[in-house]
Amino acid sequence: KKRIFSGVQPSGNLTIGNYLGAIKNWIPLQEEYECLYCVVDLHTLTVRQKPAELRQRSLNLLALYMACGLDPKKSILFLQSHVSAHSELAWILNCFTYMGELNRMTQFKDKSQRHGDNINAGLFTYPVLMAADILLYQADLVPIGQDQKQHLEITRDVADRFNNIYGDTFTIPEAFIPKIGAKIMSLQEPEKKMSKSDENENAFVLILDPQDAVMRKFKRAITDSDREIRYDEQNKPGVSNLISIYSSVTGKSISDIEKEFEGRSYGDLKETVGQSVVEMLNPIQQRFNEFSSDKEQLNLILKENAEKAAYMARKTLSKVQRKIGLLPRG
Ligand code: ATP
Ligand code: MG
């Protein structure tokens, strides 16, 4: 069976970008593959976190995974920090990754601009921890949004470099990026991706936003000064983003959507897209309320799944340690 690994950071409340670009595509994979879906809490430490909030968000993210349709009986749903092999492999891979490679990462450039007062080494080596996450489980496929493509390429390069020196050790993973929805843009600055850590809350729609907030945010979405509803990322990024969201939510093609809205107003488009998102989110929100209220159950799932993941991770880590010359503990 092929193996899948992916994760989301508990760095804030999840947006419809995280859902349409990532989690939604994880659900069907559960039927065919061996899947590991991780709450990547260590990654959030690149930005200063409030401890109590981080704990709460980590547990809620597990509940949200389940509300979106991930099933802890079919997939391994776990917390990154519960499996220490992630940190251990990350250190080793740090020593196989070049500064020059990391310097090219656009996410580092973006985030170090936004967090200018805390440009820490973790922010810089983030892709190495991500490589460790993936390579530990010998994942074949990694479902991600467009913004993570560059990081997956580094993962492949580092794995390949290691394999060339020490012989076959890591499976070289492939990115799995959806055709539509891979890059949902900010509703306020449609040149930027929608991000859960944006300061402007009109820029994103959260999976858990109540109906009136969803509608309000779509009504305020930035469009442009002409009135034509057509897909053109270059010249009409706002309108194109609304069309992509609608396409990803409903499964309708871009050209069918252009026909549907021929001669209609931007107001109409926003209303219809907003409504389709509300309908998509409704059942997820209901299930979230059920799952998130049973903390005991969530903690039990984390415990059981961490054991399974740790067992798999240990195999790869031991192999790596042996190959590079670390003495096994007797
Ligand atoms: P942060 O701002 O803290 O980095 P984020 O919204 O980028 O938060 P991540 O946890 O970094 O979320 O990413 C989780 C997954 O969601 C990744 O696979 C990423 O590619 C995907 N993703 C994030 N933003 C979008 C987006 N706007 N459109 C589509 N996919 C996205
Ligand atoms: Mg991100």
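About the criteria used
- Residues numbered from 1 in each chain as written.
- Chains lettered and ligands numbered in written order.
- Predicted model: local features only at pLDDT ≥ 70, side-chain atom pairs only at ≥ 80, totals over all residues.
- Near = placed C-beta within 6 Å.
- Helix = DSSP H or I, 4+ residues; strand = E, 2+ residues; numbered from the N terminus.
- Nonpolar A, V, L, I, M, F, W, Y, C, P; charged D, E, K, R; others polar.
- Buried ≥ 20, exposed ≤ 12 C-beta atoms within 10 Å, placed from the backbone.
- Domains from an automatic or database assignment.
- Contact = placed C-beta atoms within 7 Å.
- Expected span 1.5 Å × (residues − 1).

### Quick look at the site of ligand 1
- Around ligand 1, 21 residues are found, and the nearest of them are Gln-9, Ser-11, Gly-17, Gly-21 and Gly-145.
- The biggest single contributor to the shell around ligand 1 is helix α1 (residues 16-32), with four residues.
- Along the lines of polarity and charge, the residues of the shell around ligand 1 split into six nonpolar, 11 polar and four charged.

### Regarding unusual backbone geometry
- If you check the backbone angles, Gln-138 has positive phi at about 55° while not being a glycine.
- Structurally, the position occupied by Gln-138 is in the loop between α6 (121-136) and β4 (141-143).
- You can call Gln-138 partly exposed: it has 19 C-beta atoms within 10 Å.

### Regarding the domain arrangement of the protein chain
- Assigned domains of the protein chain: these are domain 1 (3-177 + 294-324) and domain 2 (211-289).
- Here the C-alpha centroids of domain 1 and domain 2 sit 31 Å apart.
- In this complex, domain 1 contributes six residues to the contact, which on the side of domain 2 involves five residues.
- When residues of the side of domain 1 that touches domain 2 are traced back to their parent elements, those giving at least two are α1 and α2 (51-68).
- With four residues, α2 is the single largest residue contributor to the side of domain 1 that touches domain 2.
- Counted by class, the side of domain 1 that touches domain 2 contains six nonpolar, no polar and no charged residues.

### Notes on helix α9 (residues 237-250)
- Its 14 residues place the ends of α9 20 Å apart at the C-alpha level, agreeing with the 20 Å of an ideal helix rising 1.5 Å per residue.
- All of the buried residues along α9 are Val-239, Ser-240, Asn-241, Leu-242, Ile-243, Ser-244, Ile-245, Tyr-246, Ser-247, Ser-248 and Val-249.
- Following α9 by one or two positions, Gly-251 has its phi on the positive side, about 80°.

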